[in-house]
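Summary of the model geometry
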Amino acid sequence: MVTKSTPKKTTTQSNAVKAAPAADYKQSVAKFKDSVLNHLRTTIGTSPAKASKLAWWQAVVAAANEDIFGRLTDTQETHAKNDTRAVHYLSAEFLMGRLTINNLTNLEKFDIARDALKELGLDINEVCEEEPDMALGNGGLGRLAACFMDSLATCKYPCVGYGIHYENGLFRQEIRGGKQVERPDSWREYGSPLEVCRPESIQNVPLGGYVDKQTAPDGSVSSVWHPATIIKGVPWDIPVVGYRGSSVAILRLWESRSTEQFNWDVFNAGGYVDAQAEKSLAETVSKVLYPNDSTEAGKELRLTQQYFFCACSLRDILRRYNRTHHHDYSEFAKKIVIQLNDTHPTIAIPELMRLLIDEEGLSFDAAWDIAQKSFNYTNHTLLPEALEKWPVYIFEKLLPRHLEIIYEINYHFLNDVVEKKWPGNNDIKAKLSIIEEGECRKVRMANLCVITSGKVNGVAKIHSKLVKEDLFPEYAELWPNKFCNVTNGVTPRRWLLACNPGLANIYNEVSGKDWPLNLDECEKLKKFADNKDYQDRFMKVKHDNKVVLAKTIKELVGVDVDPNAMFDVQVKRLHEYKRQHLNLLYILSLYKSLLENPDMDIPAQVFIFGAKAAPAYTLAKDIIYAINAVGDKINNDLRIKGKLKVVFLPNYRVSLAEKIIPAADISEQISTAGYEASGTSNMKFAMNGALTLGTMDGANIEIVEKAGIENNIIFGLSVEEVQSLKANGYNSWDYYNSNSELKSILDWLDTDYFTPGQPGVLSSIKRSLLDNGDPFLVLADFASYKDAHQRAQAMFKDKQRWAKAAMINSATMGIFSSDRSMHDYARDIWNLQSKNVD
Ligand code: 26V
């Protein structure tokens, strides 16, 4: 969290929504203090004199849990009593970050807790720094799921989030000698007070083995699966508190364990040690989150993970459904809707079919009908290498019965649906089939999702259009109404109220106290965008946030940066399509210009990066190394008089984002047009008053639509231009040969200027841009990008113009609240009503 200055008068600086009478407030502070002290003794088992900061944090969580668990029970009882229709959000990733400050904020107890701790001589932000991030996701997709949980709870939509209780989240990144090193992230090594285990809801999941046929006395033939092993799924519940405690949603994460009956079988076969080894295999399933490396096929464990959490979740869903419906499935699709967050949980489709057919006795047709009415699928990327395909041989080994069901679905689809629409057209059949033929036959998970789902959505307007027209055009011809858009959103509670209290106070004053529930209210700030006093206040908040970030930068990487400089930020996963190397090339051009003319009249600039590279993605790691090497040189070059600094902040994660985003002047959103499905940090930055320096890609387009192109810095090729340049044979050498500056920069990277004594260690970047054809058009966009930066510099010098643009950006982001996204899903996809908790 941003270190909050402790206000003298809590009511004026407060995030508390109700202006509680002073006496009540004092009482609440005293009560919270007592609760913390009490928990410190009776729950944590220590005393104030001996307590570590970690112990204090645990006691604060225990105190907050007093409110949370009661409301969780109320929420669940309400839904059980009313048999409410609910959405089940299946996601292999939930990037929750830290929960304590968020929970306190949503309970409207942050100020109370802060003042209570102050009376105990503690700083709440320091205490809450003890909380490890829950980094159970890679990036955008996982963080989106976390924002959606916050909004589902806030908007009181009946829901359960289902995922995997990874023992290790996304790796912790260390930078050694400028290079990324991965370290395990054991976020709950000694347990976590934020979750509760529910042994009463353990599930057993079969795996492996073979299928044989059984003929019933009436002559009907059915499949019988004889699994080789059973894995136990242990649920851990994490309560997600809605704003003002409106409802408490539940995130249920499954941990894998070995089962006794399974060990016993192997033991009987004579191998005690083998049994222990097999046990560790079962326990491996939820051990670690896969970083999204180039998905080389054959990762059995990943498919096992996906199947494991889907199978546990579906059993949980059926168990709850049957408490009321007693195995009558006629109401199933009326009560249950399932959202597939990307293709990772696709295996839930054949698993639901299997449970209904093999264990509940339904016909294939009846089960298929239910599946089609229950599932929906969100696509999050068009990148071909990210579209999941599993080799058939892995299915045969792990999930033989599921493969049969997939074949049957495919048979009906190809013969009943495709054949009817395109009679005799085998090319179309081959393209739309769930099975990809070839040397290694594969199951195409996205095809299975599209064929089954009621709705398929993309995550920003442009992306949804490309999903429909470029990725799945034939499916769209078959089912035009299946495809829709729900633009992503982010929770304004975490990404404005909690992380930027200074700006939150301005909105409290200008927009009233309900803006965190209705972010459109922020638009009221717009009418003050030309008002010098408001501009000064707005920019003072930004400056204060920059001072705090400058301190963090000094602590983390030892670099001094000037809070008056322009803070230009690019934080996101490292990928060629996101083009961190385009940013780096511009930095090199600026550095070169400054060396040529140290008195150049430009504002001082700090370029801030944060990015994790997938461990096997060599070029991405080389780009990190290059940023660090170039930064090191520039930051220590006295000739440029401190006008340029470049910092790479290690281990970018949610809690670091909360410190960086409120302090940004410029938000770099520079993906090749057509490649970034939506982006969500673009929304967070704009909300916090940064200008987008970006391409017309993903949600940038919709951001600019709201905030005005004149208040942002847009550059580069459009989606159509990218497509036509590629279609007409793009040759990056042409740009290299015709732009002498570009040529000199790329050649510079090849020397040992940035890596003394080691020429060529950075040359993989140049190679990818020339010899490898520059797949993401970095060189094609360079000139336009440089021009954009020059426009940004000119604008930044005009302080009032900048303040106005920043304010308008922040004020017009209402539509990017994830509450709006949830209302869209509820209306257009889930047919779901919100429900007040009794
Ligand atoms: C997966 C892979 C796997 C193979 C190697 C390369 C690669 C690159 C990316 C991915 C992630 C795909 C799914 C994903 O995280 N998409 C992100 O979803 C966000 C939420 O909708 C969205 O804002 C981002 O634009 C999108 O990239």
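Report follows, based on the coordinates. Model, not experiment: these values are computed from the prediction. (Residues numbered from 1 in each chain as written. Predicted model: local features only at pLDDT ≥ 70, side-chain atom pairs only at ≥ 80, totals over all residues. Heavy atoms only, no water.)

What about the pattern of salt bridges?
Going through the model one piece at a time under the given rule, you end up with 66 salt bridges. A salt bridge links Lys431 to Glu474, with the shortest nitrogen-to-oxygen separation between them at 2.8 Å. Taken as a pair, Lys431 in helix H16 (residues 426–432) and Glu474 in helix H19 (residues 473–478) lie far apart in primary sequence, 43 residues in all. Lys743 serves as the salt-bridge partner of Asp747, at 3.3 Å between the closest nitrogen and oxygen. Of this pair, Asp747 and Lys743 both sit in helix H30 (residues 740–750), 4 residues apart, which is roughly one turn of that helix. The class for Lys743 is partly exposed, based on a relative accessible area of 32%. (Salt bridge = Lys/Arg side-chain N within 4 Å of Asp/Glu carboxyl O. Helix = DSSP H or I, 4+ residues; strand = E, 2+ residues; numbered from the N terminus. Buried < 20%, exposed > 50% of the residue type's maximum accessible area, 1.4 Å probe, protein only.)

So, the side chain of Ser655
For Ser655, the position within the fold is in helix H25 (residues 654–660). Reaching out from Ser655, the side chain makes a polar contact with the side chain of Asp133 at a distance of 2.8 Å. Polar side-chain contacts of Ser655 include one of 3.2 Å to the side chain of Arg653. (Polar contact = N/O pair within 3.5 Å; in protein donor to acceptor, adjacent residues only side chain to side chain.)

What to know about the site of the ligand
The environment of the ligand is made up of 22 residues, and the closest members are Asp293, His380, Asn488, Glu676 and Gly679. Here an oxygen atom of the ligand and a side-chain polar atom of Tyr577 are 3.2 Å apart. Residue Ser678 places a main-chain N or O atom 3.0 Å away from an oxygen atom belonging to the ligand. Summarising the interface, the protein chains cover 89% of the accessible area of the ligand, which totals 590 Å² for the free molecule. Tallied by class, the residues present in the shell around the ligand amount to 7 nonpolar, 11 polar and 4 charged. (Near = heavy atom within 4 Å. Areas by Shrake-Rupley, 256 points an atom, 1.4 Å probe, with all protein chains shown as cover. Nonpolar A, V, L, I, M, F, W, Y, C, P; charged D, E, K, R; others polar.)

Describing the packing of helix H32 (residues 778–797) against helix H33 (residues 799–811)
Relative to each other, H32 and H33 sit at 105 degrees, their axes nearing to 5 Å. Relative to H33, H32 is oriented roughly perpendicular. Of H33, the residues touching H32 (which contributes Ala792, Met795, Phe796 and Lys797) are Lys799, Arg801, Trp802 and Ala805. Split by residue class, the contact of H32 with H33 holds 5 nonpolar, no polar and 3 charged. (Axes fitted to C-alpha atoms, helices over the stretch in contact; angles between N-to-C directions. Parallel < 35°, antiparallel > 145°, perpendicular 65-115°, else oblique. Contact = heavy atoms within 4.5 Å.)

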